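Letter by letter, the chains look like this.
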Amino acid sequence: MDFLRPASWEEALAAKAEHPTAVPLSGGTDVMVEINFDHRRPEYLLDLNRIELLREWEVGEENVRLGAAVPYTQIMENLRAELPGLALASHTVASPQIRNRGGVGGNLGTASPAGDAHPALLAAGAEVEVESVRGSRFIPIDEFYTGVKRNALQPDELIKTVHIKKADGPQQYSKVGTRNAMVIAVCAFGLALHPETRTVRTGIGSAAPTPIRAKEAEAFLNAALEEGGFWDNGKIITPSIAKQFADLCSGAANPIDDVRGTAKYRRHAVGIMARRQLGWTWEQYRGSGRTLEGAA
Amino acid sequence: MRVNFTVNGRPQEADDVWEGESLLYVLRERMGLPGSKNACEQGECGSCTVRLDGVPVCSCLVAAGQVEGREVVTVEGLAEFAKERSEHAGCASGACGTSLDAAKKWEAKPGQDSQTGEGVELSPIQQAFIDAGAVQCGFCTPGLLVAADEMLERNPSPTDADIREALSGNLCRCTGYEKILDAVRLAAARQERQGEAV
Amino acid sequence: MAQNTRTVPVGTPTDVTQNHVKGGIGESTLRPDGTLKVTGEFAYSSDMWHEDMLWGQILRSTVAHAEIVSIDTSEALTMDGVYAVLTHEDLPAAKNYGMEFQDTPVLAYGKVRHHGEPVALVAADHPETARRAAAKIRIEYRELPVITDEASATAPDAILVHENRDDHHSGHVPHPNIVHRQPIIRGNAAEAAKRADVIVTGEYTFGMQDQAFLGPESGLAVPAEDGGVDLYVATQWLHSDLKQIAPCLGLPEEKVRMTMAGVGGAFGGREDISMQILASILALRTGKPVKMVYNRYESFFGHVHRHPAKLWYEHGATKDGKLTHMKCKIVLDGGAYASSTASVVGNASSLSVGPYVIEDVEIEAIGLYTNNPPCGAMRGFGAVQACFAYEAQMDKLAAKLGMDPVELRQLNAMEQGTIMPTGQVVDSPAPVAELLRRVKARPMPPERQWETAGEGADVRALPGGLSNTTHGESVVRGVGYAVGIKNVGFSEGFDDYSTAKIRMEVINGEAVATVHTAMAEVGQGGVTIHAQIARTELGVQQVTIHPADTQVGSAGSTSAGRQTYMTGGAIKNSCEIVREKVLEIGRRKFGSYHPAWANAELLLEGGKVVTDGGEALASIADVLGDQSVEVEEEWRHRPTQAFDLVTGQGDGHVQYAFAAHRAVVEVDTELGLVKVIELACAQDVGKAVNPLSVVGQIQGGTTQGLGVAVMEEIIVDPKTAKVRNPSFTDYLIPTILDTPTIPVDYLELADPNAPYGVRGIGEAPTLSSTPAVLAAIRAATGLELNKTPVRPEALTGTL
C-alpha cells in the first residue's frame, strides 16, 4: 500500500491520473472501516485532507457550491437556510465525531444507497462537479448513481464540488433507524418544495439498489397541486392527495430484506415519511413564514 | 512511511508506519499513549475520540498519514489542555497551539501515586467523572471525557438534551449513562461557579 | 436528575460496627482506580506492550458445520515477519478445554462446529503481517448440514454435534444433542388446573444478546526462563482460566502465572477462555512475548452470548386472581459448545416460576447443542429469559381477569417463608409486593416533553430521535411493570468459595492493611468495596489493594452477583482473624498494664485498640511495632444442593435477589419506533456497602435489559448458522439518547446469612427491565409482542 499526500488539487488530479486505482481518502469514515476490518487493501490511498478548496463552500445566487469535503457539522451549522434538507440530513449522520470528519463527497464516492446525504441532494436538485487531468464535467445528481455502490465517475476523476440548488421553499428529511442516534438508515426520505417552479422533488435512500427519486409521486403531486390551485390558495392538502402521494412514494421503493429491516417495512416507512413530510413542508409553505429552515 | 505531528503539545515522530495504520494505532502502539481506546475501530463507539486540530474525531478512522503536521490532543493531555484553556481564556484548542513550556509541564508528574494516581492534577470534567461515579470499567471514559470537555468548551450551560446529543457518539455499556450525565452537569456547575468567582 | 431514594435499614448487622475511619462500609467512597481511568493511564489488557513482542492472529472458520479436509499453511510460513503458523497438529498438550465440559477445541480438529471457530494461528511482527499470513492459510471444508433448533437437534437422524460425550450430564439426557435437562415437578399442576377460572398460554422467543463489553478480548503472554509463561489478561475468574490453560500448555499450574490486566467490562462474556491459551502457545513456541487483540468483528465470535430461548407457558388463576398452577417448557440454545449451558438450564428451570407463590408446577428446561454460536454466561444467567416470559403471562392474565397488573402480581407475590418449586424455603426478606408498590407510586414523567417553548418539536425527545421521523404524530405513551427473581452466587452444590489474604503492618508509623485477592475487577467496583471492608474491620485508614493474580487462592468468578458477598465475606473473615492476632500481640505486649486487655470486648477503630466502652488502649502501630500479621483464608457460603434430576427438588440456591421496574415509553405507532421515557427501578440490596456503586450497577443492568427489549440481537441465519451482524453497525446497543432517566429506589433489608446482610445486586435489574419495557410497548400499541427485541416490523405488521 502507498500513501499519496497531494498538497494541491492539481497534484491530486495528477496522482489519480497516474494511479487510477487509488482510493480517495478524506473523512475516512468509510475507507478506514474497510481497512481496519481487512475488507479492502487498496494499492494506493489518496489523502485529500490537505486540499483546502475541498473544505470550502460558497453561497451564490442560485446555488451553493459545496466543497466535497466540507464536514457535515459545517453544513448543519452554516447552511441551514440555504440547504435545509441537507442540513437535516447532515444532523442524522452517525455521531458528532463522524459529522466532524465526513462530507458529501464521501457519500457520493461510496454511492451506498444508505448514504444519508443522497435523498436530500435528489430532492433539492444538484450537480456533481468532477474533474480529472482531462478536464471537468458536471453530472446531474439524477444520473450520478449507476448501481449498488457504483457511480458515474471515471477511474481518473475526483469529486470536487457539489452544486446544490438553494432552497426556494421548505425542505424536509427523515431517516428510519432502530436506534435514536448513531444509526445507519433502514430507509430515508427527503422532500423539497420548489414554489418558484411549482414543483416538488423527492429522494429515497436505502430502499432501492441506488438512491432514487419517486418520480411518479412527484408528477402526481405536481399535477394535483396545480389542479387544485394549492400553490396560490395555500389550502391544506387533502388527505386523499397526501395518501396517494405517500402510496406512490412507497411504490417507487424497490427494497430488499436484510439484517437492518424487511423490504415490506421499508416500503411502509417510506410512505409514512412521505406523508408526514408533505404535511410539514406544506404547513411551512402555507404559514410562510416561508420559513425555510427545517423544523427540527 | 514516516509521520510527524504534535500530540498533547509535543512534537512526535513515528517511523515505519504501515500506510493502513490508523491514528489510533499509532498513538497506542507507537507513542505509548494507550488512553484512546480500541473498542470498535469502526466509528461506532467513540472510545477513541481525540481532538484533531481542536475538533473531536474518532482516531480509528483517521489514517496516520493524514495527521502529518497536525495537532492531536488525547485524554492523556486533557488536564493540561483544560488548564491552558482556563489560563488563556478559551484559547487552548489544538489549533491555537501549545507552548513548549506547557508541553514540558505535561510530561512532569511528580508525586504521583502509582497505584491510585493521587497527586495528579485533573481537568474539571475528569474530576467530575470520578466524583459522580461515572466511571465503572472505564473503557469508554477517555473518549467521553474528550467529547464532553469539548462540548462544555462550546456550550458551558448545556441542557440535558444538549448533553445527550453531544455524547450520542460515545457508547457506554456499564453505567446506563445516568452518572455520566450527572458528571457533565457537575462539571458545568463547577465551571459556572468558578466563572462567577473570577 | 434521577431521584434516588434510600430506605434506612432496620437492625442490619452493620449497626453494631461504628466507623471511626473514613471510607468504611456504607459510604460512597470513590473508586481507587478512578484517577488512572480518567487520565488514560489505567492499563487494560489491550494496552499491554512489550519490547520485541509479536502479534497473534486467529484464522476462524467461515462455515458453521464442516469436516476439515485439509489445512495448508505453507505459503503463510514463507512470509517475512511471520514467526509461527500453527494448527491443531502443533498443540503441545490437551486439545480441549472448557469450564464445565471439556468440549471446546483449542484449535479445531476433525470438524468445525460453529461459524467463527478458531482453526489456525499466526504470530508475526506486525498485526497487518499476521492478517496477511492468516489470509494465506488454505483450509478445505466439507460442509455438513447445520443443526439450528430443537427440531433439527433432536430429529432421529440428527448429526451429533459432539460424538462420544462423557460429561456428567451425558448419562441422563434424552438425546446427545441436549446438553442438560432439568425438570421440576411439585404438587399436581394438572389437578390444580381444574380449579382455574382462567388459563392463559403463550409462546415466547428471546433473541441472542451479546455482552458487548467495550474492551475487546486481549492480552499479552510472555515466555519465562523456567519454561513457563506470564499471562496478562482480562478475565472474570483467574483460577478457572488457570485450571483450563495449564493442561493445554502441558505445564504445571505454578508455571502459568496469571495477572489481571484492566478489564473493559465483562457481563459474563469473560467467564470462558478467549485468547488466553492461544497467546500462550504462540509465546512458548516463538520464545517471544505475544500480544493478541480481537477487533470488534472478532469479538462477536470470541465469546459466548446470552442463550436465545423459546418458552411455552401456561398459567391458571381463580377469578379473584390467585394463581392456581403453572406449566412451562424452556428451550435454551447452547450453540456448539457447552460453556455454562447446564447451569443456565438449572437457573432457568428453578427460577421459571418468578417471584410468585404457585404450589402446583410442571417445569422443564433443556439446553441444546446446535451449530449456532456458543452461548453461556451473561448477566441474569437463565433467569432473564424466564422473566421475560412469565411477566408477559402476568399481564395477559391480568387482562383476562380484568385486574390491575400490579395488583395481580402483588396478590401472588412471594415473601419470606415462601417455598420455591424446588422445595427451597426463601429464608430472608423477599419484598416483592413492596418493590412493585414503590415503582407504581412514583410520579409519572411529564407528557409531551418534546414540545418546546419556541417553534418546532425537539426531536431528541421523540421516538426516532435525531432522525427527525415524527414531530409528535402517532406518538402514544404506554406504561408497563415487571418484577423478577434472581439467584445470587453459584448454585446446585457447587463448592463456591473465595480467598482473601490480608496483611497488616506499620509503615512510616502508621498501621496499614493490604488486601490481596484474585477477584476480577471488571468495573463493578469490587476494589472500592474491598478497601471499605478492610477499613471497617481493621480500623485503619490506609488500605492498599494488591493487584489480582494467581499468587493468592481463588476468588471465584466475578459473576452471579457474588463478589461483594463472597470475596467481601472472605475479606471480612480474614480481617477478623487478623484482628484477633493483632489483639493477641497487644495482650502479650500490653496486657499487664490494663485489665481491659483481658476482660473487655476489644475492637480496632481509628487506628487504635479500643474497648467496647470506647476506651482507647493502644495504637495499632504500637501494638504491631515491627511485626506484621498476614492471614490467607478461604471462605464459603452455606452449602447448596444439586437439583434432583427427576423432580427438581433441592435447596439449590444461596440467596435470592429481587428488582421491579416501571417503564414509561412513547411509541411512534406508524413507524414502530420506540423511545423509553423513564425506567424506574426498586430493588432490595440487603446492605448498600457503597451506595454510589449500587445505584450505578442498577442503572447499568437496567440499560442492558432495555437494549434487549428494543434493539439488541445477534442474528443468525437459520439456513447456514452464520452470524449476520457481527459489528457495532448492525448489533446496536443503547446510546445516551436511547437511555432514559433511571430513578432508583433501593431497600436495605439485611439477609441474616450474608456478610453485612448484603444481597447481590448486579443481575436482578437486568431481568425486570426487559419485560417492563415490553409491557409498556404492549400498553401503547395493543399488540401481543412475544419476541424480544421488538423490531419496528413487529409494531407495524411488516415482518
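Residues numbered from 1 in each chain as written. Chains lettered and ligands numbered in written order. Predicted model: local features only at pLDDT ≥ 70, side-chain atom pairs only at ≥ 80, totals over all residues.

Here we look at the overall build of chain C
Okay, step 1: Helix and strand counts for chain C come out as 19 helices and 32 strands.
Okay, step 2: Taken over C-alpha atoms, the radius of gyration comes to 27 Å for chain C, in line with the 28 Å a tight globule of 799 residues would show.
Okay, step 3: Its C-alpha atoms give chain C principal-axis dimensions of about 85 × 75 × 65 Å.
Okay, step 4: Across the 799 residues that make up chain C, the buried fraction comes to 64%. (Helix = DSSP H or I, 4+ residues; strand = E, 2+ residues; numbered from the N terminus. Rg over C-alpha atoms; globule rule 2.2 N^0.38 Å. Buried ≥ 20, exposed ≤ 12 C-beta atoms within 10 Å, placed from the backbone.)

Brief notes about the overall build of chain B
Okay, step 1: Each helix and strand counted, chain B has 7 helices and 5 strands in total.
Okay, step 2: Counting from the amino terminus, chain B carries its helices and strands in the arrangement β-β-α-β-β-β-α-α-α-α-α-α.
Okay, step 3: Within chain B, the proportion of its 198 residues that are buried is 61%.
Okay, step 4: Across chain B, contacts joining residues at least 24 apart in sequence account for 63% of those joining residues at least 6 apart. (Contact = placed C-beta atoms within 7 Å.)

Digging into the sheet that holds strand 3 (residues 44–47) of chain A
Residue and element names in this part refer to chain A.
Okay, step 1: If you trace the 3 strands from one edge of the open sheet to the other, you get 1-3-2, paired in parallel fashion. The sheet is open, and its two borders are formed by strand 1 (2–4) and strand 2 (23–25), each paired with just one other strand. The sheet shows a mean angle of 30° between the axes of neighbouring strands, taken without regard to direction.
Okay, step 2: Where strand 2 lies against strand 3, 3 bridges are found, and the strand directions are parallel. In the sheet register, Val23 faces strand 3, and the bridge partner there is Leu45. (Pairing = 2+ DSSP bridges. Axes fitted to C-alpha atoms, helices over the stretch in contact; angles between N-to-C directions.)

Quick word on the interface of chain B and chain C
Okay, step 1: Counting residues at the interface gives 50 residues for chain B and 54 residues for chain C.
Okay, step 2: Sort the elements by how many residues they give to the side of chain B that touches chain C and helix 4 (residues 124–131) of chain B lands first, with 4 residues.
Okay, step 3: Residue composition of the side of chain B that touches chain C, grouped by class: 22 nonpolar, 17 polar and 11 charged. (Nonpolar A, V, L, I, M, F, W, Y, C, P; charged D, E, K, R; others polar.)

Here we look at the sheet that holds strand 7 (residues 111–112) of chain C
The strands that make up a sheet are held in pairs by hydrogen bonds between backbone atoms, and each pair lies either parallel or antiparallel.
Residues and elements named next belong to chain C.
Okay, step 1: Strand order in this open sheet of 3 strands is 7-3-9, and the pairing throughout is antiparallel. Taken across any chain shown, the strands that pair with only one partner, and hence form the sheet edges, are strand 7 and strand 9 (138–143).
Okay, step 2: Here 6 bridges tie strand 3 (residues 66–72) to strand 9, and the two strands are oriented antiparallel to one another. From the neighbouring strand, Ile68 faces strand 9, where its bridge partner is Tyr141.

Concerning the nonpolar core
The nonpolar side chains of a soluble globular protein tend to be buried, and buried together.
Okay, step 1: Leu86 of chain A together with Val122, Val665 and Val773 of chain C are the most contacted members of the largest nonpolar core, which has 419 residues in total.
Okay, step 2: Of the residues forming this core, the biggest block, 11 residues, is contributed by helix 10 (residues 383–401) of chain C.
Okay, step 3: Here this core spans two domains, since at least three of its residues come from each of domain 1 (1–47) and domain 2 (177–287) of chain A. (Core = buried A, V, L, I, M, F, W, Y, C linked by C-beta atoms within 7 Å. Domains from an automatic or database assignment.)

So, the interface of chain A and chain B
Okay, step 1: Counting residues at the interface gives 24 residues for chain A and 24 residues for chain B.
Okay, step 2: Every element with two or more residues in the side of chain A that touches chain B is listed here: strand 1, helix 2 (31–36), strand 3 and helix 5 (96–99) of chain A.
Okay, step 3: Broken down by class, the residue content of the side of chain A that touches chain B amounts to 13 nonpolar, 7 polar and 4 charged.

Quick notes on the packing of helix 4 (residues 84–92) of chain A against helix 7 (residues 117–124) of chain A
All names here are of chain A.
Okay, step 1: Axis separation between helix 4 and helix 7 bottoms out at 8 Å; the angle between their running directions is 175°. Classified by the interaxial angle, the pair formed by helix 4 and helix 7 is roughly antiparallel. Contacts between helix 4 and helix 7 involve Gly85, Leu86 and Ala89 from the former and Ala117, Pro119, Ala120, Leu121, Ala123 and Ala124 from the latter.
Okay, step 2: Residue classes in the contact of helix 4 with helix 7 are distributed as 8 nonpolar, 1 polar and no charged. (Parallel < 35°, antiparallel > 145°, perpendicular 65-115°, else oblique.)

Description of the confidence of the model for chain B
Detailed reading of predicted coordinates is not advised where the pLDDT is low.
Okay, step 1: For chain B, per-residue confidence averages 88 on the pLDDT scale, and residues scoring 70 or more make up 83% of the total.
Okay, step 2: Within the model, the stretch residues 92–115 of chain B combines pLDDT values under 50 with 35 contacts to residues more than four positions away or in other chains. (pLDDT = per-residue confidence, 0-100.)

Section: the pairing of strand 23 (residues 510–516) of chain C
All names here are of chain C.
Okay, step 1: Burial within strand 23 is extensive, with 5 of its 7 residues counted as buried.
Okay, step 2: The pairing of strand 22 (residues 497–507) with strand 23 spans 7 bridges and is classified as antiparallel. Each bridged residue has a counterpart across the sheet, and for Ile502 the counterpart in strand 23 is Val515.
Okay, step 3: Where strand 22 folds back onto strand 23 in an antiparallel hairpin, the turn is made up of 2 residues, including Asn508, whose phi is positive at roughly 50°.
Okay, step 4: Relative to strand 24 (residues 542–545), strand 23 runs parallel, the two being bridged by 4 bridges.

Regarding unusual backbone geometry
Okay, step 1: With an omega of 0°, the peptide bond running from Thr788 of chain C to Pro789 of chain C counts as cis.
Okay, step 2: Positive phi is not limited to glycine here, since Asp53 of chain B has a value of about 50°.
Okay, step 3: Counting through the fold element by element, Asp53 of chain B comes out in the loop between strand 3 (49–52) and strand 4 (55–58).
Okay, step 4: What makes Asp53 of chain B partly exposed here is the crowd of 15 C-beta atoms within 10 Å.
Okay, step 5: A positive phi is found at Ala721 of chain C, a non-glycine position, where the angle reads about 60°.
Okay, step 6: Position of Ala721 of chain C relative to the elements: it lies in the loop between helix 17 (691–710) and strand 31 (744–747).

Quick notes on helix 12 (residues 263–287) of chain A
Okay, step 1: Taking 1.5 Å as the rise per residue, helix 12 of chain A with 25 residues should run 36 Å; its terminal C-alpha atoms sit 36 Å apart, in good agreement.
Okay, step 2: The buried fraction of helix 12 of chain A amounts to 19 of the 25 residues, a majority that puts the element mostly inside the structure. (Expected span 1.5 Å × (residues − 1).)

Observations regarding the packing of helix 11 (residues 239–252) of chain A against helix 12 of chain A
Residue and element names in this part refer to chain A.
Okay, step 1: Contact pair helix 11 / helix 12: the axes reach a minimum separation of 8 Å and the direction vectors enclose 140°. Here helix 12 runs oblique to helix 11, going by the angle between their axes. Considering how the two elements wind past one another, helix 11 and helix 12 form a crossing that is right-handed. Taking contact as the criterion, the partners of Ala242, Lys243, Phe245, Ala246, Asp247, Cys249 and Ser250 in helix 11 are, on helix 12, Arg267, His268, Val270, Gly271, Ala274, Arg275, Leu278 and Gly279.
Okay, step 2: By residue class, the composition of the contact of helix 11 with helix 12 is 7 nonpolar, 4 polar and 4 charged. (Left-handed = near helix turned anticlockwise from the far one by under 90°.)

Considerations on the pairing of strand 12 (residues 187–194) of chain A
Look at any regular strand and the pattern is simple: side chains alternate between the two faces of the sheet.
Residue and element names in this part refer to chain A.
Okay, step 1: Counting buried residues along strand 12, 7 of its 8 residues qualify, which places the element largely inside the surrounding structure.
Okay, step 2: Pairing of strand 11 (residues 171–176) with strand 12, which is carried by 6 bridges, proceeds in the antiparallel orientation. Looking across to strand 12, one finds that Gln171 is bridged to Ala192.
Okay, step 3: Summarising the sheet, strand 12 and strand 13 (residues 199–205) pair through 7 bridges and their orientation is antiparallel. When the sheet's bridge partners are listed, Ala188 is paired in strand 13 with Gly205.

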